[in-house]
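# Descriptive structure summary
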Amino acid sequence: MLVQVYESSAKAVEQLLGAIPTRKSPEEPEQSLGIQRAVNVVIGDNFLALPIAVCHRREIPFYFFNTMAATLTLGALCYDDKIPVLEEDEKSSPFLKGENSVVYISFGSILFPAPEQIAELAKALLELKKPFIWSLPSQHHRHLPQEIGLAIPRQFESTGLAPQKLILQHPATAVFLSHCGWNSTLESLAAGQPVVAWPMFSDQMLNAQLLQQRSTAVLIEGTGTERLVAAEEIAEALRNAGYDKCSFREAAESWRATFLRATSAGGSSEIALKKLISA
């Protein structure tokens, strides 16, 4: 599924970059996809490395904007042909080997746990006996136990989408069960919300470990593998992170204050942005 999404989107980006008019090579309107102003520079997500190669061939200046943790970028820059490759039978894990009242749950928009794991998560919520918001697309609702499935508001069935920033910033939210994508990671810190980390692939484990190291998250091990995490373990992690202990919330609130200082007028973020613009 992920490979298909990437291949289709990469092909579309490549087509776009091959057609956009530039000052060196203005294109006819029908060939430039309706874009009439010349493009001076392209800034792309680092996932778009292959299609952005078109910019190199067409001599269009381009930059990569890193939308993930800098740790992952550093790791990628270290790869060369001397890095050993895992054999096929070793590729069971998508990670590099080595090292309030409402529960809010979201796994992003790309990957979701297996059907039996969704059922265990639902059982954990029933065991916890706390109100919850679960951003779960309708096609996965059939995996929910009847006791919890009947309680889903009909208006959310079509998309499963939720206004995440507003939910995380709401004082009723106690804990965030998250896949730890980079956006969700930053949003949890900015909102001062403790996290139960459920990473599944890519940079999510690194992000989850970052939150764990800052004492704002309980990391559930093995969520990126075929291990079935029992409802009891999930419920315990949610209690520890959002209810029975206050250390995770205290740490999260401390990071929220740090974010506020950095993003306020005259803060480090503004200073860094001005420095970048004037460079």
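Reading the values: the criteria
Residues numbered from 1 in each chain as written. Predicted model: local features only at pLDDT ≥ 70, side-chain atom pairs only at ≥ 80, totals over all residues. Heavy atoms only, no water. Pairing = 2+ DSSP bridges. Helix = DSSP H or I, 4+ residues; strand = E, 2+ residues; numbered from the N terminus. Axes fitted to C-alpha atoms, helices over the stretch in contact; angles between N-to-C directions. Contact = heavy atoms within 4.5 Å. Buried < 20%, exposed > 50% of the residue type's maximum accessible area, 1.4 Å probe, protein only. Right-handed = clockwise from strand over helix to strand, strands pointing away.

## Observations concerning the sheet that holds strand β5 (residues 173-178)
Spatially, 5 strands are ordered β4-β3-β5-β6-β7 in an open sheet, and the strand pairing comes out parallel. Only two strands of the sheet have a single partner each, and these edge strands are β4 (132-135) and β7 (217-219). Looking at each pair of strands side by side, their axes are set apart by 15° on average, direction ignored. Across 4 bridges, strand β3 (residues 102-106) lies against β4 in parallel orientation. Residue I105 lies in a different strand from β4, and its bridge partner there is W134. This element, helix α9 (residues 231-242), spans β3, β5, β6 (195-197) and β7 of the sheet and lies at about 135° to β5.

## Notes on the pairing of β5
In terms of burial, β5 is a largely internal element, 6 of the 6 residues being buried. Bridge count between β3 and β5: 5 bridges; the pairing is parallel. Along β5, the bridge assignment pairs S106 with S178. Relative to β6, β5 is paired through 3 bridges, and the arrangement is parallel. Bridge pairing in β6 links F176 to V195. After leaving β5, the chain enters helix α7 (residues 182-191) and then returns to the sheet as β6, a path that is right-handed.

The values are spatial; any link to function lies outside them.
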